[in-house]
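Structural description and commentary
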Amino acid sequence: MILLANSIKKTLCIAEGWQVGRLIIEGSRAYVELDNGQEVEVEGNIVEIRNDDVWQRLNTSDYKEKTVEGWPLFAGFETRIKQSKEA
């Protein structure tokens, strides 16, 4: 049942114009890796991560945050990205 609920949530995001994938952070580069393997740069886009059942918007400084061990804090999170209307 959980898989079905997650699939419906993902489908709703796509219907609203979002691209959905995983946030990857390598050095100073942040991008979203989509299911098809395509990499989408986050620069200039609206980026939100899923934190439990809530979408949390990130800004540029958030990508630089690290865990106590030194790992990128938000790397690997389920992420949705949409082109900014300002871009």
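As the structure is a computational prediction, the values presented were derived from the model and not from experiment.

Scoring rules and cut-offs
- Residues numbered from 1 in each chain as written.
- Predicted model: local features only at pLDDT ≥ 70, side-chain atom pairs only at ≥ 80, totals over all residues.
- Heavy atoms only, no water.
- Helix = DSSP H or I, 4+ residues; strand = E, 2+ residues; numbered from the N terminus.
- Rg over C-alpha atoms; globule rule 2.2 N^0.38 Å.
- Polar contact = N/O pair within 3.5 Å; in protein donor to acceptor, adjacent residues only side chain to side chain.
- Contact = heavy atoms within 4.5 Å.
- Phe/Tyr/Trp six-rings, centres within 6.5 Å; stacked < 30°, edge-to-face > 60°.
- Lys NZ or Arg CZ within 6 Å of the ring centre and 35° of its normal.
- Salt bridge = Lys/Arg side-chain N within 4 Å of Asp/Glu carboxyl O.
- Buried < 20%, exposed > 50% of the residue type's maximum accessible area, 1.4 Å probe, protein only.

Examining the overall build of the protein
Within the protein, the secondary structure is distributed over 1 helix and 6 strands. In sequence order, the protein lays out its α and β elements as α-β-β-β-β-β-β. Taking 12 Å as the expected radius of gyration for a compact globule of 87 residues, we find that the protein reaches 13 Å, a close match to that expectation. Reported as C-alpha extents along the three principal axes, the dimensions of the protein are approximately 35 × 30 × 25 Å.

Side note on the side chain of T79
With respect to the helices and strands, T79 occurs in strand β6 (residues 78–83). Within the structure, the side chain of T79 is placed 2.8 Å from the backbone oxygen of F77, a separation counted as a polar contact. Among residues more than four places away in sequence, those in contact with T79 are Q19, V20, G21, R22, L23, V32, V47, E48, I49 and W55.

Describing the packing of aromatic side chains
Geometrically, a pair of aromatic rings is defined through the distance of the ring centres and the angle of the planes. Applying the stated criterion across every chain yields a total of 1 aromatic pair. Ring centres 5.7 Å apart and planes at 70° place the aromatic pair F74 and F77 in the edge-to-face group. Taking NZ or CZ as reference, R80 lies 4.3 Å from the ring centre of W18, over its face.

Considering the pattern of salt bridges
Evaluation of the coordinates by the stated rule reveals 7 salt bridges. Where R29 meets E41, a salt bridge forms, and the shortest distance between an N and an O atom there is 2.8 Å. With R29 in strand β2 (residues 29–34) and E41 in strand β3 (residues 39–41), the pair connects residues that are 12 residues apart, well separated along the chain. A residue is classified by how much of its surface remains accessible, and R29, at 32% relative accessible area, is partly exposed.

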